[in-house]
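The chain contents come next:
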Amino acid sequence: MKSYDVIIVGGGAAGFFAAINIAELNPNLSIAILERGKTGLQKVKISGGGRCNVTHAEFVPSELVGNYPRGEKELLGPFHQFMTGDTIEWFDKRGVTLKIEDDGRMFPVTNSSQTIIDCFLNEVKKHKVDVLYNHALKSLKQSNEQWLLETTQGDFSANKIMVATGSNPKIWKVLEQLGHTIAQPVPSLFTFDIKDERIKGIPGVVALDVEVKVKGSNLWSEGPLLITHVGMSAPAILKLSAFGAIELAKRDYKFQIEVNFIKQSLDDCLDHLKTLKQDLARKTVLKLAQFELPKRLWQKLVLASNITHDTRWADLNKFQTEQLALQLTKAVFTVDGKSTFKEEFVTAGGIHLKEVNFKSFESKLYENLYFAGEILNVDAVTGGFNFQNAWTGAYIAAKAISK
């Protein structure tokens, strides 16, 4: 049986980040990472379309936590210890410069996730951390203040353990056997499947700033909305899917949404349309898109309002005007299913947050058992926030483990 001071289960973002920081803070400790795959850092590799969305340019802890549907309250303290600025500095010190994009997402200036992977691999090599691939954890138990691990490639023991395996049902089972409670995993960050004449044949069209509500609930979000081949996506939808992950799972992903394409009230929109009737009296309604909407979307909404191709603004009757105002501000769409959002698949669920001490990310049930990343019931909206949770948890745990 091979023994280490510290064993980290899971060779992803949180696992590598923790191992490197433990080794730096206490060079006397022997450290191993056990990774079930042939290679590690798979999520790092594919994140942000292969560019790795390292974090998000949000520098106020109380604002940053608003991006976590699960974990908002618990992460406030940790973010005061290690957050975006610390992440930028950490990578910068190791020769990796990050840049901020217009939407706040942060990437390496190289635009390649390989830059982050190479940084981690160089650091673990430099600090003599053993990275053992093809080692899947089968069982974990405590005996005489030692942790005993059974893996597919033999047995190990360690004084301290960190589990950073992401959303892994097999590891959740192992932890359940130790007595930890697991919040039932449900998908988060998904797009909506919608079959509707108003969005048929116009994939790729983006409405830059909309408001979306789930009917019969308090769920709502705002932001850009993208029309896809199968329905709707982009931040307005993805945020809604994250904050509504549990509620929408209960509804079996069948529900109705109300979209306000112009973020105006119905009355304000009607007033605006009356002005347009005078100002553009002789023009056809269909031809000139209004409210800064994409032309193809405008035309679909006009046609859905019982307005013909050649109707002029001056000829709009009261019913047509009201219908158009409703399509612009209160368009109802029926959602019938979900699609995974590219590779950015995130799961809501994991170790119950009441069972973790967020000052150290240590289990409240067992001493010397730590967690970081998505193994916990913490998840975020898209944009680098899930990685920031991984870096923060891994760093704080590393500080505690290295003592």
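Located above this text is the structure these notes cover.
Given the structure is predicted, the values throughout are model-derived calculations rather than measurements.

S.K.: Honestly, the state of the cysteines in this entry has me stumped. Any pointers?
M.R.: Disulfide: a covalent bond formed between the sulfur atoms of two cysteine residues. Under the counting rule described, the total for this entry stands at zero disulfides. Unpaired in this structure, Cys52 has its nearest cysteine sulfur neighbour in Cys119, at a distance of 11 Å. What makes Cys119 buried here is its relative accessible area of 7%.

S.K.: What exactly am I supposed to notice about unusual backbone geometry here?
M.R.: Peptide bonds are, in most cases, trans, and in most cases residues other than glycine have a negative phi. A positive phi angle, close to 60°, is found at Asn134, a residue other than glycine. Assignment of secondary structure puts Asn134 in the loop between β6 (130-132) and β7 (137-143). Residues other than glycine seldom take positive phi values, yet Asn144 does so here, at roughly 50°. As for its position among the elements, Asn144 is in the loop between β7 and β8 (146-151).

S.K.: Hey, could you run me through the environment of Trp298 in this one?
M.R.: Counting through the fold element by element, Trp298 comes out in helix α11 (residues 295-303). Assessed through its relative accessible area of 0%, Trp298 is described here as buried. Counting along the chain gives 10 residues from Trp298 to Leu288, while the straight-line C-alpha distance between them is 8.5 Å. Other than its neighbours up to four places away in sequence, Trp298 contacts Val285, Leu286, Leu288, Ala289, Gln290, Phe291, Leu293, Trp313, Leu324 and Leu328. Within polar-contact distance, the side chain of Trp298 engages the backbone oxygen of Leu288 at 3.3 Å.

S.K.: Before we go on, may I ask you to explain the sheet that holds strand β16 (residues 331-336) in this structure?
M.R.: The strands making up a sheet are joined through hydrogen bonds of the backbone, oriented either antiparallel or parallel. Spatially, β16-β15-β12-β13-β14-β11-β17 is the arrangement adopted by the seven strands of the open sheet, whose pairing is antiparallel. Both outer strands of the open sheet, β16 and β17 (338-340), are each paired with one neighbouring strand and no more. Adjacent strand axes in the sheet meet at a mean angle of 40°, parallel and antiparallel pairs treated alike. Helix α12 (residues 318-329) contacts β15 (254-260) and β16 of the sheet and is inclined by roughly 110° relative to β15.

How each quantity is defined
- Residues numbered from 1 in each chain as written.
- Predicted model: local features only at pLDDT ≥ 70, side-chain atom pairs only at ≥ 80, totals over all residues.
- Heavy atoms only, no water.
- Disulfide = S-S within 2.5 Å.
- Buried < 20%, exposed > 50% of the residue type's maximum accessible area, 1.4 Å probe, protein only.
- Helix = DSSP H or I, 4+ residues; strand = E, 2+ residues; numbered from the N terminus.
- Contact = heavy atoms within 4.5 Å.
- Polar contact = N/O pair within 3.5 Å; in protein donor to acceptor, adjacent residues only side chain to side chain.
- Pairing = 2+ DSSP bridges.
- Axes fitted to C-alpha atoms, helices over the stretch in contact; angles between N-to-C directions.

These results come straight from atomic positions and should not be treated as a statement about function.
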